[in-house]
Amino acid sequence: MRARRTSPAASAKLRSDDDETQLLDSSTQASESTAPKDGNAPTFRRTRSVIVRFTCLVYVVAFGVAAQQNTALIGEHGLLSAKSYLKRVKEHFGAPECYERVPTLLWLVPGSPDTLSDSHLQALAALGVVLAGIPLCRGSANMVHLLLLAAIQRSLLEVGQTFYSFGWETQLFETGILVSLLCPVLDASPSTSHKPPATTLYALRWLLFRIMLGAGLIKWRGDACWRDLTCMQYHYETQPVPGPLSWYFHHTPEAFHAFEVIVNHVVELGAPWVMLIPLTRYRWATWLTRIGGALQVLFQCTLILSGNLSFLNWLTIIPALSCFDDSCWPSVFSVASSHTDVPKRARERAMATTRTIFDWTVFAFIAWLSVPVVSNLISERQAMNTSFDNLKLVNTYGAFGSITKVRHEVVVMGTRDSNPADDAAHWEEYEFNVKPNDVSRQPPWITPWHYRLDWLMWFAAFGSPSQHPWLVHLVLKLLKGDKAIGDLLRRDPFVGGEPPKFIKADLYLYKYTPRNSSNAQKKWWTRKYEREYLPTLSLQQEDGAVRWLRNHGVSA
């Protein structure tokens, strides 16, 4: 069979095309560099698609929670009104400093904050759900799209006050910014030729390193039970929102609990250092990073099964996904590369060079912002879940530095009887969605959903009403039969009838039923009255309660 010959002109043309292709590839991101000595350089296009989808899944949940709960919690007549909060901020700092202190898109509403209403909060949440749902389905987005999502999330975070004071709210903002930097500025096509920047992939791993090491160090320096390997004997019973498997985890042998603490230390103090291995072509580094990422994902999945920590664990999985290159994902996540015509390549080379400069500039900025974070990590007075500037682009994290050894619950109850002091008065309890109330109810599994009021009720049990003034406002709302608040409860015993005349709150000690108890499957908890938490209130005391709330910074 005769070989097919190519003319000199055609050969020159092919060589020219090859040269241009090599120049284009070399000027794009370092995450897909030249061929390695002992294997092909890992690529991360499929990985980017998975990360974008997963991030947008968390966004959908976060904005869905906001749409469901914001009206009652931070609405115009909510427990901690965002409108009133912004008014106080503007009165105290004045313009334009108030915009810097509390950066939120709600300032853009004409006449804000005087004209703010619940519809503006709902519009932001609904827009977030829609904008997050598009990349969730497509598996791709551009930088502008994801930055808008981060801006919406930050806008709600800034006005959420106590109800948005959880560390994972800031973590979601930081994660969202980094994920946006993985994507092209404008091209949202799944077949984009843009390659995920190595600098951003490394920044995601740096985020995971700080999250896990910060959590490990705060534990080791905090409660002594983390050092004597006994913390897990208490954790499953006293964690904020137990899940359906928590009872079973709690009743595993003490030796297994000690093993759990050891594994925790290995995953949080040892494994994160793998994240610092530079992105390289060498297989040993690739495999070591994959193993480190797999440990973190498996660890977060275990936490998801053993409790209800909102979307925290789902969110922490996102930076761990950056440890897996494209070869780790099935073909369902495959992303086709677009091919451009030769006349466009000179312009594309210039754009790629500009983007490379931008990526390295951002990486240097992240490194600079990391200085106080690293100083905090090595400090004996380590703080957790803290931002060191108002940008909140690089933060410090941590969880469960101190383990509660006993579980107290605030039980809210009301009565329609005219004399609450009468022993014959009939008191009925308000039941919350996930916090323990009914001792016969198995703890539900709701992660990644987040019931903010239930979480705050857990914190309230550690203090007093003066430390949690929103709880007094909650009682006033219940005395009036407020529908928005009632919708946040699992059971309002007075719904459909007259509101209660009196409401009080008592503190109870809750414990899991024993493993060998004959009624363990019928009752999950035992409880014992400890003391009065909030004295009996009625609407006759509303004026005094409102003044008290205002003195504590709550508008009612």
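As a starting point, this report considers the structure included with it. Here the structure is a predicted model, which means the values were calculated and not measured. (Residues numbered from 1 in each chain as written. Predicted model: local features only at pLDDT ≥ 70, side-chain atom pairs only at ≥ 80, totals over all residues. Heavy atoms only, no water.)

Some details on the environment of Val 50
Piece 1. Take Val 50: it is sitting in helix 2 (residues 45-74).
Piece 2. In this structure the C-alpha to C-alpha distance between Val 50 and Leu 136, which are 86 residues apart in sequence, comes to 9.2 Å. (Helix = DSSP H or I, 4+ residues; strand = E, 2+ residues; numbered from the N terminus.)

Some thoughts on empty space enclosed by the protein
One simple way to see leftover space: roll a probe sized like a water molecule over the atoms.
Piece 1. Summed over the entire model, instances satisfying the criterion amount to 7 cavities of 30 Å³ or more.
Piece 2. Around the largest cavity, the lining residues are Pro 42, Phe 44, Arg 205, Pro 278, Leu 279, Thr 280, Ala 285, Thr 286, Thr 289, Arg 290, Cys 323 and Asp 325.
Piece 3. The biggest single contributor to the lining of the largest cavity is helix 12 (residues 283-306), with 4 residues.
Piece 4. Here the residues of the lining of the largest cavity sort into 6 nonpolar, 3 polar and 3 charged. (1 Å grid on protein atoms, 1.4 Å probe; cavity = no way out; pocket = protein on both sides within 12 Å on 5 of 7 lines; lining within 4 Å. Points joined across faces, edges and corners; volume = space filled by probe spheres on them. Nonpolar A, V, L, I, M, F, W, Y, C, P; charged D, E, K, R; others polar.)

Here we look at the state of the cysteines
Piece 1. Inspection of the entire model under this criterion finds 1 disulfide.
Piece 2. With its sulfur 1.7 Å from that of its partner, Cys 225 forms a disulfide with Cys 231. Here the disulfide of Cys 225 and Cys 231 is right-handed, its torsion about the S-S bond being about 65°.
Piece 3. Exposure remark for Cys 225: the relative accessible area of 3% places this residue in the buried category.
Piece 4. Cys 56 takes part in no disulfide bond, and the closest cysteine sulfur to it belongs to Cys 183, at a distance of 8.6 Å.
Piece 5. The buried category is assigned to Cys 56, whose relative accessible area is 0%. (Disulfide = S-S within 2.5 Å. Buried < 20%, exposed > 50% of the residue type's maximum accessible area, 1.4 Å probe, protein only.)

Notes on the packing of helix 16 (residues 470-479) against helix 18 (residues 542-551)
Piece 1. Their axes nearest at 10 Å, the elements helix 16 and helix 18 cross at an angle of 150°. When the interaxial angle is binned, helix 16 and helix 18 end up roughly antiparallel. Helix 18 is crossed by helix 16, and the crossing has left-handed handedness. Residues Val 472, His 473 and Leu 476 of helix 16 form the contact with helix 18, whose participating residues are Glu 542, Ala 545, Val 546, Trp 548 and Leu 549.
Piece 2. Broken down by class, the residue content of the contact of helix 16 with helix 18 amounts to 6 nonpolar, 1 polar and 1 charged. (Axes fitted to C-alpha atoms, helices over the stretch in contact; angles between N-to-C directions. Parallel < 35°, antiparallel > 145°, perpendicular 65-115°, else oblique. Left-handed = near helix turned anticlockwise from the far one by under 90°. Contact = heavy atoms within 4.5 Å.)

Quick notes on the pattern of salt bridges
Piece 1. Taken as a whole and assessed by the stated rule, the structure comprises 20 salt bridges.
Piece 2. Of the charged contacts in the structure, one is a salt bridge between Asp 482 and Lys 477, with a shortest N-O distance of 4.0 Å. (Salt bridge = Lys/Arg side-chain N within 4 Å of Asp/Glu carboxyl O.)

Some points on helix 18
Piece 1. Every buried residue of helix 18 is listed here: Ala 545, Val 546 and Leu 549. End-on view of helix 18: buried residues confined to an arc of 100°, all on one side of the axis. Residues of helix 18 that are exposed and angled more than 90 degrees away from the buried face: Asp 543, Arg 547, Arg 550 and Asn 551.
Piece 2. For helix 18, the secondary structure elements touched by its buried residues are helix 16.
Piece 3. Immediately beyond the C-terminal end of helix 18, within one or two residues, lies Gly 553, with a positive phi of roughly 80°. (Arc of directions from axis to C-beta.)

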